[in-house]
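A look at the structure
Spelled out, the chains give:
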Amino acid sequence: MNTYTIDHEGRTCGLSESGPLELSTALSPWIRLVSSWVDQGRDVEEAADEMDGAHARQARRIRDAMISVGVLRQLETPGAVRFVGASAELARAVERGSLPLPDVVLGAGPLHGDWFGDVLTAAGAGRAGVVLFTEGAAVVAGPMDARRLEDVVTALRCGGLADGRPGPAAVRTAAAQLVRRAALGTGGDDWSGLTVTREGTTNWRALPHPWRPAPPGPAAGPFDERVMAAVDPVHGVVREIAEDDLPQVPRHLARARVVGRASIRPLDLDVVADGPDYEQARRRTMLAALALYLESGLDPRAVVDAAGEPVLTVTTDTTATLDTTATTDPTGTTDGTDGLAGDATEAPGTTDAPGTDGAIGLAALRAATDRIAADPGRHFLPARRVSDDGPALVPVARARRCDGGAGPAPGTAAAETREDALTAALLDVLESWAAGATAPVARVLDGDGLPADVRDALDRLRLVDRGAWLGVVTGSTVPTAVATTPHGTAHACGISHAAAAVRAMEQAVLADQVLMHGRPDLVPRTWTPALPPPDRTTGLPGTAPIGLAGLRRAVAERAPDAVVADLDHDPGIVRLGISAVKVVADR
């Protein structure tokens, strides 16, 4: 422990375990030299070896004298601490530390490498922590239960990092941070840690890999706090969320960048959503981003053939066979799909730990996903019929995002409950139909009988254009409204005419807003050319709200074969309290 000072008279004073000391002026340069080596993280023995014999001996004598009087403390590496990999800086950090360490395995090495398997072997059922070397950064994870650490490192490996060698200062700082975390703990959050670069130290967050189990129990806290676990610039499902230069008046807009993990097709897209304020805009953007992410992912263990039998079977502890030699589609056609069957060879370091959920390694699952993606129309996922909630099968090509679409397909929605997600998905399908249909419309009279929320939305609509008007589709099974400005018409469905009217006017305001700012790419999906003002007028209908069962009937009447596919294949997202579904109306 280096605790010396030089006063204004040039005297070198120190505070040791034995009390205050005043050291000889002749020794001061040597003390400063040895102290600088310690501060730089250099090994005193190695540094002394670079000097000539007499000076090397003097440096070692000064080092020993500093230790003897307590100015410098040398701790032997505790027997309970074991090192794996490129651990020289870890050993020095432990030696320089002053806090007692528990039984722990500490390791360091490249992000992708076989050395991590040695960490798991050495730790067994105990605790371990690592410093991962990446391009320009050292990433600190743990210490934690070794089995959990394997899941965390697996998640970090599917983030936006590449193998590399960070600078010596970053490695030295990361090693010191890992040793400190070993002594003081990580605060109970295993899924966060530190990233050390030349510029400084930042925190990272990660979610479990979609093909690995999530921590037990739901995440606690309000929505905004829970979903932040999915946001991280390097490891997150959502890499960033911001307002950027998007127009913010009168509707607020937010953008999120979504990146796929275990996705069928590469995913790296922006999602934009609106709201009456910043909080609601970000909330809707996060839900849209998670819906797109979940629609893009696939767990091949859930894929079945036309008879409902799993197509992926375990052949060894680390390989799997995709049985597609006699795939039958729902029409009864049998076709041998040559080239899809076969074993997937496991890459080093990606085998599931013994006793985890399933014995198929991640590389085998990735290979199976790629083979399914080669012909997604001939593989199926379990679903439920919209009409009667009975079991059904839907092709992977329809249940998941298998193309380069720029956003979630119609009928895809995420919410905090499955009922809310299903309601939003059914309304989304109905709105897409309404936007493409020609139906009689009546203009809603502007009177005192309008609900407050409808009145407020109408006032905002007329701020955009004084000639804008609100209408309802007459004779529709589901409450449907239109809001028209000179630039176009927005269509919306709702559980009531008031809800449909508010949403239609919000979408019309949004469309005019983004068009004024030269962003036609952000126009709502249900935006169509402007409708002429109708001759017929009416008050806003006040019929009883239609429930979820009514929405299901309305979809089933037009699409009897429509099904609902649950997007619950990522345990980490489910744990955040997010439910997502996709209504497939045209199989």
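Structure's up top.
Here we summarise the structure given alongside this text. (Residues numbered from 1 in each chain as written. Predicted model: local features only at pLDDT ≥ 70, side-chain atom pairs only at ≥ 80, totals over all residues. Heavy atoms only, no water.)

**Digging into the environment of T369**
Positionally, T369 belongs in helix α10 (residues 362-374). Through-space distance from the C-alpha of T369 to that of P300 is 5.7 Å; in sequence the pair is 69 residues apart. The contact partners of T369, leaving out residues within four places of it in the chain, are W211, S263, I264, L298 and P300. Among the polar contacts listed, one links the side chain of T369 to the backbone oxygen of L365, at a separation of 2.9 Å. (Helix = DSSP H or I, 4+ residues; strand = E, 2+ residues; numbered from the N terminus. Contact = heavy atoms within 4.5 Å. Polar contact = N/O pair within 3.5 Å; in protein donor to acceptor, adjacent residues only side chain to side chain.)

**Quick notes on the pairing of strand β22 (residues 480-485)**
The buried fraction of β22 amounts to six of the six residues, a majority that puts the element mostly inside the structure. Note: strand β21 (residues 469-473) against β22, four bridges, orientation antiparallel. Bridged to L470 within β22 is A483. Two successive antiparallel strands, β21 and β22, enclose a turn made up of six residues, where G475 displays a positive phi of approximately 80°. Where β22 lies against strand β23 (residues 488-493), six bridges are found, and the strand directions are antiparallel. Within the sheet, the bridge partner assigned to V482 lies in β23 and is H491. (Buried < 20%, exposed > 50% of the residue type's maximum accessible area, 1.4 Å probe, protein only. Pairing = 2+ DSSP bridges.)

**Points about the sheet that holds strand β10 (residues 238-242)**
Neighbouring strands of a sheet are bound in pairs by backbone hydrogen bonds; such pairs are parallel or else antiparallel. Reading across from one edge, β10-β11-β12 is the order of the three strands in this open sheet, with antiparallel pairing throughout. Sheet topology places β10 and β12 (268-275) at the edges, where each strand pairs with a single neighbour. Across this sheet, the average inter-strand angle for adjacent strands is 20°, counted without regard to direction. Sheet topology places β10 next to strand β11 (residues 252-259); four bridges connect them, and they run antiparallel. Within β11, the residue paired with E240 across the bridge is R257. (Axes fitted to C-alpha atoms, helices over the stretch in contact; angles between N-to-C directions.)

**Quick look at the packing of aromatic side chains**
Within this structure, the stated rule accounts for one aromatic pair. With centroids separated by 6.0 Å and ring planes inclined at 80°, the aromatic side chains of W115 and F116 adopt a geometry described as edge-to-face. Look at F116 and you get buried, because its relative accessible area is 4%. Sitting over the face of the ring of F223, R283 holds its NZ or CZ atom 4.2 Å from the ring centroid. (Phe/Tyr/Trp six-rings, centres within 6.5 Å; stacked < 30°, edge-to-face > 60°. Lys NZ or Arg CZ within 6 Å of the ring centre and 35° of its normal.)

**Concerning the sheet that holds strand β27 (residues 579-584)**
Read from one edge of the open sheet, five strands run β18-β17-β26-β27-β19, paired in antiparallel fashion. Edge positions in the open sheet fall to β18 (391-395) and β19 (412-415), since each of these has one partner strand only. Ignoring which end each strand starts from, the neighbouring axes of this sheet average 40° apart. Where strand β26 (residues 563-566) and β27 come together, four bridges link them in antiparallel fashion. Residue pairing in the sheet places D566 in a bridge with V581 of β27. The sheet contacts of helix α12 (residues 418-435) involve β19, β26 and β27, and relative to β27 the element is tilted by about 30°.

**Considering the packing of helix α4 (residues 88-96) against helix α7 (residues 168-184)**
A pair of packed helices is captured by two measures, namely the crossing angle of their axes and the spacing between those axes. Orientation of α4 relative to α7, taken along the N-to-C sense of each, is 55°, at an axis distance of 8 Å. As summarised for this structure, α4 and α7 are arranged oblique, according to the angle between their axes. The crossing of α4 and α7 is right-handed. Within the contact between the two elements, α4 uses E89, L90, A93, V94 and R96 and α7 uses V171, R172, A175, A176, L178 and V179. Here the contact of α4 with α7 is composed, by residue class, of eight nonpolar, no polar and three charged. (Parallel < 35°, antiparallel > 145°, perpendicular 65-115°, else oblique. Left-handed = near helix turned anticlockwise from the far one by under 90°. Nonpolar A, V, L, I, M, F, W, Y, C, P; charged D, E, K, R; others polar.)

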